[in-house]
Amino acid sequence: MVKVIMPDGTTLNAEEGKRILDVIPRGIGLIAEASGRLLDLSTVISDDLGEIRVLDFNSREGKEAYWHTTSHILAQAVKRLFKEAKLGIGPPIEEGFYYEFDLGGKTFSQEDLELIEEEMRRIVEEDIEIVREEMRREEAIALFREAGEPYKVELLEEIEEPVVSIYRQGEFFDLCRGPHLPSTGYVKYMKLLQVSSSYWRGDERNPVMQRVYGISFPSKEMLEEFLVRREEIRKRDHRVVGPQLDLFSMPSEIIGPGLILWHPKGARVRRIIEDFLVRVHLSRGYELVYSPHIAYSTLWKISGHLNYYRDFMYVFEKEGIEHAVKPMNCPFHILIYNSKRRSYRELPLRLFELGTVYRFEKSGVLHGLLRARGFTQDDAHIFTTREDLEDEVVGLIDLNEYLMRSFGFEELKVEISTWDPRRRSEYMGSDEDWSAAQSSLEGALRRKGYRYEIMEGEAAFYGPKIDMKLVDSIGREWQLSTIQIDFNLPRRFDLKYVKADGSEEHIVMIHRALLGSIERFFGILLEHYAGNFPLWIAPIQLRILPVSQAQEGRAEELLALMSARGVRADIRRAESTLSYRIRESELEKIPIIAIIGEREMKTGEISVRVKGKGNLGSMSLEDFFRTFGKELLPPDMR
Ligand SMILES: [Zn+2]
Ligand SMILES: [Zn+2]
């Protein structure tokens, strides 16, 4: 008898010789796992499998098999409808799946996708059995060559193993490791989402493939929920909203990919965020520094970055000497620390810089502001003693909390990456360094009342770290803040301080970026608020609308008055109807509109509309500032 564990945790004992499929109720599982291997449910039960665990859609592996099977259904449908299509690959992805086809230069239209989806539904209705078959590699090559599938042949020719597996469903077969669901009827609700062009294996010398993306779920509700959420995410996409609101652009054809042009309104927002950061840091005992954008590349040789980071660096030569554009600010701050002998009285020394760095990332992984080649870190390096480390970390967590709350994020998720003592030799620093640092990080989090997860073995070789993720308005998690202890650079650069008794000791160094990068944070903020920035961040806080030309003089006076009081305001003259201008201002996501009509001319009041709240009616300027005065200011100036 072999123990079979069902997805809900119940178990049953199954006889050898039967298929897993035959001993469990249909509809309960999708695939199975035994001894760390994933199996089809058609696998015959035997003692040597050990305990068998049945997996359903709630498990990551179950989802992937579900989506992978749907991708095979997609490929089968395409082969039925487009005989000339050649198969590329069709894996499951983070959410859903794709399959690539070479259509000989043709592209799929929206109508094609609808036809394909229809055919996929037919294949599901046919409930075709999915069968795994193993064969020698040469046999498989012959099979796919005969079928006219050159890409499969290419893949097979690179496989080392002598035996490969293919999966058949009816007339369709594919080179595939599996596992797959028992039959096509297991897939319930499917949707093809989009089609894009991509080079075979991402290489531009190769033919262009049509990549069709899709999703599938076991219930209609899950599919609908997914589609609603997808639409919500699409609407918020900073790459759409940003240019729409004239905040930034990224004309990659002219300036290269991953580089950003900040338009006036975006630059305003950025400066508001940066000024806020600088004030807050100065008020919390940081010193502001600046460092150059380029330096001899030898600087990063000393820091050790050049060795394993070179591919990400922009390196060039001048006067026969190799220079590099900085990919990080650390070595500069270290040189500032090391510019003189430091006494314990000067510690902790906290150096803060809005440091713009450049890192070469492959164009394929770039993603708007979220992943760019040039970006500005809210970077600081803290030089402290081992004794003060925990207090410093508490201060950092405090600061981070304050910043995140100021920007409207309440929920943070925390992880500590620690070393794996079993791989001791891979780490820099002494045992005492590590245990002291790790307990400081944990101690600080406990003092602040945080729950945290420990990721053992996830630390870099040079020290443990805390990562903090925020959760946005639609529940997405974003990794932003990192507090990284470093035992390596203080030794490489010989960073010491003089203790009270006159002896010297190595300092402990913390790297930290709380927003991460201004660009990325800006993108996240834009998506979090769907472009409706809070009042203190909005590039234009107040729009003044004179009802007719007769009120334009008064509107000008009001603009001057508002500007003098620090309000970011502008005017739309009475060149179009009032309702048109109100609508236009709302599309521009301007938080407050002040309307001046004949009545307001007489009373000296303004009629106020607030985005998301509607008409507040007329109010005096004193009332206006009583109501909005604080909100108009950054949190630290209220
Ligand atoms: Zn496959
Ligand atoms: Zn650093």
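Residues numbered from 1 in each chain as written. Chains lettered and ligands numbered in written order. Predicted model: local features only at pLDDT ≥ 70, side-chain atom pairs only at ≥ 80, totals over all residues. Heavy atoms only, no water.

With respect to the coordination of the zinc ion (ligand 1)
What counts here: Because water is not among the atoms used, a metal site may look incomplete, as its donors are only the N, O and S atoms within 2.8 Å, or 3.2 Å for Na, K and Ca. Helix numbers and strand numbers start at the N terminus; a helix is a DSSP run of H or I with at least 4 residues, a strand a run of E with at least 2. Burial here depends on accessible area, computed with a 1.4 Å probe over protein chains only, as a share of the maximum for the residue type. Under 20% is buried, over 50% is exposed, and the range in between is partly exposed.
Protein coordination at the zinc ion (ligand 1): the donors are His68 (NE2), His72 (NE2) and Cys176 (SG), at 2.0 to 2.3 Å from the metal. Of note, the donors binding the zinc ion (ligand 1) are all from one chain and are spaced H-x3-H-x103-C. Remark: cysteine 176 occurs in the loop between β11 (172-175) and β12 (189-199) and histidine 72 occurs in helix α2 (residues 60-81); sequence separation between them is 104 residues. Residue classification places cysteine 176 among the buried positions, given a relative accessible area of 8%.

Description of the coordination of the zinc ion (ligand 2)
Protein coordination of the zinc ion (ligand 2) is provided by Cys330 (SG), His381 (NE2) and His511 (ND1), with donor distances spanning 2.0 to 2.3 Å. Sequence positions of the donors to the zinc ion (ligand 2) reduce to the motif C-x50-H-x129-H. Here cysteine 330, found in helix α12 (residues 330-337), pairs with histidine 381, found in strand β21 (residues 374-384); they are 51 residues apart in sequence, far enough to count as distant. Across the pair, histidine 381 and cysteine 330 agree in class, each one buried.

A few points about the pattern of salt bridges
Quick reminder of the rule: Whenever a carboxyl oxygen of Asp or Glu lies within 4 Å of a side-chain nitrogen of Lys or Arg, that contact is scored as a salt bridge.
What the rule picks out here adds up to 70 salt bridges. Ionic pairing is found between arginine 136 and glutamate 138, a salt bridge with its closest N-O pair at 3.0 Å. In this structure, lysine 152 and aspartate 174 form a salt bridge, with 2.7 Å as the shortest nitrogen-oxygen distance. In this pair, lysine 152 sits in helix α5 (residues 150-158) while aspartate 174 sits in strand β11, placing the two residues 22 residues apart along the sequence. Judged by its relative accessible area of 2%, aspartate 174 falls in the buried class. Connected through shared salt-bridge partners, Arg80, Glu118, Glu119, Arg122, Glu126 and Glu171 make up one network.

As for the UniProt feature "domain: Aminoacyl-transfer RNA synthetases class-II family profile" (unreviewed entry) in the protein
Formally: UniProt positions are given in the numbering used here, feature names are shortened, and annotations may be inferred rather than shown by experiment.
Taking the UniProt record as the reference, the feature "domain: Aminoacyl-transfer RNA synthetases class-II family profile" (unreviewed entry) is found at residues 237-534. Taken end to end, residues 237-534 is 33% helix and 28% strand, and its first and last C-alpha atoms sit 18 Å apart.

Details of the domain arrangement of the protein
Put simply, the test is: How far each domain reaches was decided by an automatic or database domain assignment. Here, residues are in contact when the closest pair of their heavy atoms is within 4.5 Å. Summed over both partners, the accessible surface that disappears when two parts come together, traced with a 1.4 Å probe, is what is meant by buried area. By the criterion applied in these results, polar contacts are pairs of N or O atoms within 3.5 Å in which, for protein atoms, one can donate a hydrogen and the other can accept it, and in which residues neighboring in sequence qualify only through two side-chain atoms. Note that Gly is not counted as nonpolar here; it falls among the polar residues with everything else outside the nonpolar set of Ala, Val, Leu, Ile, Met, Phe, Trp, Tyr, Cys and Pro and the charged set of Asp, Glu, Lys and Arg.
Assigned domains of the protein: these are domain 1 (2-56), domain 2 (61-236), domain 3 (252-291 + 329-528) and domain 4 (542-637). Counting residues at the interface gives four residues for domain 2, matched by five residues for domain 3. With both chains or domains summed, domain 2 and domain 3 bury close to 460 Å², and 47% of this area falls on carbon and sulfur atoms. Scanning the region where domain 2 abuts domain 3 turns up zero salt bridges. Taken together, the connections running from domain 2 to domain 3 amount to four residue pairs in polar contact (both at pLDDT 80 or more). Of the residues assigned to the side of domain 2 that touches domain 3, the class counts are one nonpolar, no polar and three charged.

Description of the packing of helix α13 (residues 389-406) against helix α14 (residues 431-447)
As a reminder of what qualifies: Axis lines are fitted through C-alpha atoms, for helices just across the contact stretch, and the angle between N-to-C directions can take any value from 0 to 180 degrees. Any angle that is under 35 degrees is reported as roughly parallel, and any over 145 degrees as roughly antiparallel; angles of 65 to 115 degrees are reported as roughly perpendicular and all others as oblique. Here a crossing is taken to be left-handed if its near helix is turned anticlockwise relative to the far helix by less than a right angle, and right-handed if that turn runs clockwise.
Orientation of α13 relative to α14, taken along the N-to-C sense of each, is 45°, at an axis distance of 8 Å. As far as their axial angle goes, α14 and α13 are oblique. The two elements α13 and α14 meet at a crossing, and its hand is right-handed. Where α13 abuts α14, its residues Leu389, Glu390, Asp391, Val393, Val394 and Ile397 lie against Ala437, Ser439, Ser440, Leu441, Gly443, Ala444, Leu445 and Arg447.

Topic: the nonpolar core
Within soluble globular proteins, side chains that are nonpolar generally end up buried alongside one another. The criterion, for reference: Take the buried Ala, Val, Leu, Ile, Met, Phe, Trp, Tyr and Cys residues and link them wherever side-chain atoms come within 4.5 Å; each set so joined is a nonpolar core.
Residues Phe407, Ile466, Phe522, Leu525 and Phe533 are the most contacted members of the largest nonpolar core, which totals 64 residues. If one sorts the elements of this core by residue count, α13 sits on top with eight residues. If near-sequence neighbours (up to four positions away) are discounted, phenylalanine 522 is found in contact with Leu247, Phe248, Trp262, Gly266, Val269, Arg270, Ile273, Leu369 and Phe533.

Overview of the side chain of serine 303
Counting through the fold element by element, serine 303 comes out in the loop between α10 (298-302) and α11 (305-309). Relative accessible area serves as the criterion here: at 3%, serine 303 is assigned to the buried category.

Focus: the sheet that holds strand β17 (residues 294-296)
Using the following cut-off: Here the rule is simple: two strands pair whenever DSSP picks up at least two bridges between them.
With respect to topology, three strands assemble into an open sheet ordered β17-β19-β18, the strand pairing being antiparallel. Strands with a single pairing partner mark the edges of an open sheet, and in this sheet they are β17 and β18 (315-318). Shown here is a sheet whose adjacent strand axes are inclined to one another by a mean of 35°, direction ignored. The pairing of β17 with strand β19 (residues 321-325) spans three bridges and is classified as antiparallel. If you follow isoleucine 294 over to β19, its bridge partner there is valine 325.

Quick word on a nonpolar patch on the surface
Spelled out, the test is: Patch definition: residues above 30% relative accessible area lacking any salt bridge, with like charges linked at up to 9 Å and the nonpolar side chains Val, Leu, Ile, Met, Phe, Trp and Tyr linked at up to 5 Å. To measure how exposed things are, a 1.4 Å probe is used in the Shrake-Rupley method; for residues, cover is taken only from the protein chains shown.
A cluster of nonpolar residues, Ile254, Ile255 and Leu261, forms a patch on the protein surface that exposes about 280 Å² of accessible area. Position of leucine 261 among the secondary structure elements: in strand β15 (residues 261-262). The exposure class of leucine 261 is partly exposed, given its relative accessible area of 39%.

Side note on the pairing of strand β13 (residues 208-217)
For β13, the buried fraction is high: nine of the ten residues fall into the buried class. When strand β8 (residues 96-102) meets β13, the two strands line up antiparallel, connected through five bridges. If you follow tyrosine 98 over to β13, its bridge partner there is tyrosine 213. Two strands pair when backbone bridges link them, and β12 and β13 are joined in this way by ten bridges, in the antiparallel orientation. Residue methionine 190 lies in a different strand from β13, and its bridge partner there is serine 216.

What to know about the packing of helix α4 (residues 137-146) against α5
One can describe the packing of α4 onto α5 by two numbers: an axis separation of 8 Å at closest approach and a directional angle of 165°. Compared by their axis directions, α4 and α5 come out roughly antiparallel. When the axes of α4 and α5 are compared, the crossing they make is left-handed. Seen from α4, the contacting residues are Arg137, Ala140, Ile141, Phe144 and Arg145; seen from α5, they are Lys152, Val153, Leu156, Glu157 and Glu158. For the contact of α4 with α5, a count of residues per class yields five nonpolar, no polar and five charged.

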